[in-house]
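# Summary of structural features
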Amino acid sequence: MITKRIIPCLDVRNGRVVKGTNFENLGDVNDPVALASYYSGAGADELVFYDITASAEGRGLFTDILKKTASTIFIPLTVGGGINTLEDFDRVLKCGADKVSVNSGAIRNPDLIGQAAKKYGDQCVVISADVKRVDGRFTVFAKGGRENTGMEAIGWIKRCVDMGAGEVVLNSIDTDGVKNGFDLEMLDAVCNAVSVPVIASGGAGRAEDFITLFQTLPKVDAGLAASIFHFGEVNIAELKRLLAQNGVNVRL
Amino acid sequence: MTAIIDYGVGNLFSLKSSFAAIGADAVVTSDPAVINDSDRIILPGVGAFADAAKKLRDAGLDSVLKAQVKTGKPLLGICLGMQMLFEKSCEYGEHDGLGLVQGSVVPMQGVIPAALKIPHIGWNALIFPADRPRSEIYKYINEGDCVYFVHSFYGADCGDAVTAYAEYGALLTASVQNGNVYGTQFHPEKSGDVGLKILKAFTEI
């Protein structure tokens, strides 16, 4: 049976891995190529590689970093950040990405999802949504979580999947950086609305949070985190052993 | 030297890089002369069957591959590349395959329980059939090792050509072999060390 995936996320700015709390106060952490290679060796099932400032500042990804990463590691690689056009898809796929994640680019131009799915296949298109509760309503934010779009999140995500997105990364701004566990309520709502894989993001602080995630919400396919892996607070190999001991099917 | 067939379908960057990582010589090519000179051939592929089969035919590479297989040269089809080895595909209409391995490509939908997501995407364990010797491409790995899958259709009615299954609500064909023709539904170039070991074993055939 298919295994639950553990996915470290490398937020990249100026060729370096960064991670902030609630998307603010970014601090330089590590070299993306070395970190990617380390994670692959430790048993990461996939890597997500975001240029987190690209959508705000209109920058493209640093494709040389991407190429170096993709020639060193041989696990699935998802790339996001600054993906606004089919040319952006093409650019990162040629550098070794397997999946391309769209966020602000799809909010500006929803047709991008359908066009990319038609050209590269549904499996290649990931909708990444930054979602925050506003007056008790799940609301989509754009530009790295800085801009309230006013759109209701579940409807937006469902629409993206209908247009051809093959996977969803749900990042809860409410729990991101808080390290008190994933946003189970928000994830449950998304899992019940779509039939494609859902990746949980935002809020993992310790290994137990992943156990709770997969035991409480069996429909969630993967757990994604950044700083707890980068700072060594959670070791991926140990996490996967712990998950297996708790009855979660993982690749060891 | 391994010839990785470039016919305008899918992403060859990782495949080429993975050969570099195992220290094997590989070239991405659509040139029949280079393919004829190679020691072994990889047929990659991602996307829709009909489109890929047409591109392969339009480039005249279907007959090149068939002729090369007749000489005994090892051929490995990966993902859609494996599916093209079969006799036919039922992906959005009926389409002819290369007919190098028995079987046909059919949708998973209706075969696996409705609660399971399609595509079958992620890492799944290899199960070896008990009634046949282990395929040479698995000589460096173990049963139960996980490899990376992304597919919505699979090879059915492959008979004793099946060299491994993956369990996803049903036993799905994970790999096939007919003499010197090999196919993996999964992506060895995305399956970490296990995948690299499978590619290494293929380069030693």
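Here we summarise the structure given alongside this text. (Residues numbered from 1 in each chain as written. Chains lettered and ligands numbered in written order. Predicted model: local features only at pLDDT ≥ 70, side-chain atom pairs only at ≥ 80, totals over all residues.)

## Considerations on the pairing of strand 12 (residues 222-225) of chain A
Residue and element names in this part refer to chain A. Alternating residues of strand 12 divide into Ala222 and Leu224 and Gly223 and Ala225, and every residue in both groups is buried. Pairing between strand 1 (residues 5-13) and strand 12: four bridges, direction parallel. Among the inter-strand pairings, Ile7 is bridged to a residue of strand 12, identified as Leu224. As paired strands, strand 11 (residues 198-201) and strand 12 are joined by three bridges and run parallel to one another. In the sheet register, Ser201 faces strand 12, and the bridge partner there is Leu224. A crossover links strand 11 with its parallel partner strand 12, the connecting element being helix 9 (residues 207-216), and its sense is right-handed. (Buried ≥ 20, exposed ≤ 12 C-beta atoms within 10 Å, placed from the backbone. Helix = DSSP H or I, 4+ residues; strand = E, 2+ residues; numbered from the N terminus. Pairing = 2+ DSSP bridges. Right-handed = clockwise from strand over helix to strand, strands pointing away.)

## Some remarks on the environment of B:Lys70
Residue and element names in this part refer to chain B. Within the secondary structure, Lys70 is located in helix 4 (residues 61-70). Since 10 C-beta atoms lie within 10 Å of it, Lys70 is described here as exposed. Residues Lys70 and Gly47, spaced 23 residues apart in sequence, show a C-alpha to C-alpha distance of 27 Å.

## Some points on helix 6 (residues 192-203) of chain B
For helix 6 of chain B, spanning twelve residues, the distance from its first C-alpha to its last is 17 Å, which sits close to the expected 16 Å at 1.5 Å a residue. Among the residues of helix 6 of chain B, B:Gly192, B:Val194, B:Gly195, B:Leu196, B:Lys197, B:Ile198, B:Leu199, B:Phe202 and B:Thr203 are the ones counted as buried. (Expected span 1.5 Å × (residues − 1).)

## Some points on the packing of helix 9 of chain A against helix 11 (residues 236-245) of chain A
Residue and element names in this part refer to chain A. Two elements in contact, helix 9 and helix 11, have axes whose closest approach is 10 Å; the angle formed by their N-to-C orientations is 40°. For the element pair helix 9 / helix 11, the angle class is oblique. Remark: the crossing between helix 9 and helix 11 carries right-handed chirality. Facing Ala207, Phe210, Ile211 and Phe214 of helix 9, the residues of helix 11 in contact are Glu238, Leu239, Leu242 and Leu243. For the contact of helix 9 with helix 11, the per-class residue count stands at seven nonpolar, no polar and one charged. (Axes fitted to C-alpha atoms, helices over the stretch in contact; angles between N-to-C directions. Parallel < 35°, antiparallel > 145°, perpendicular 65-115°, else oblique. Left-handed = near helix turned anticlockwise from the far one by under 90°. Contact = placed C-beta atoms within 7 Å. Nonpolar A, V, L, I, M, F, W, Y, C, P; charged D, E, K, R; others polar.)

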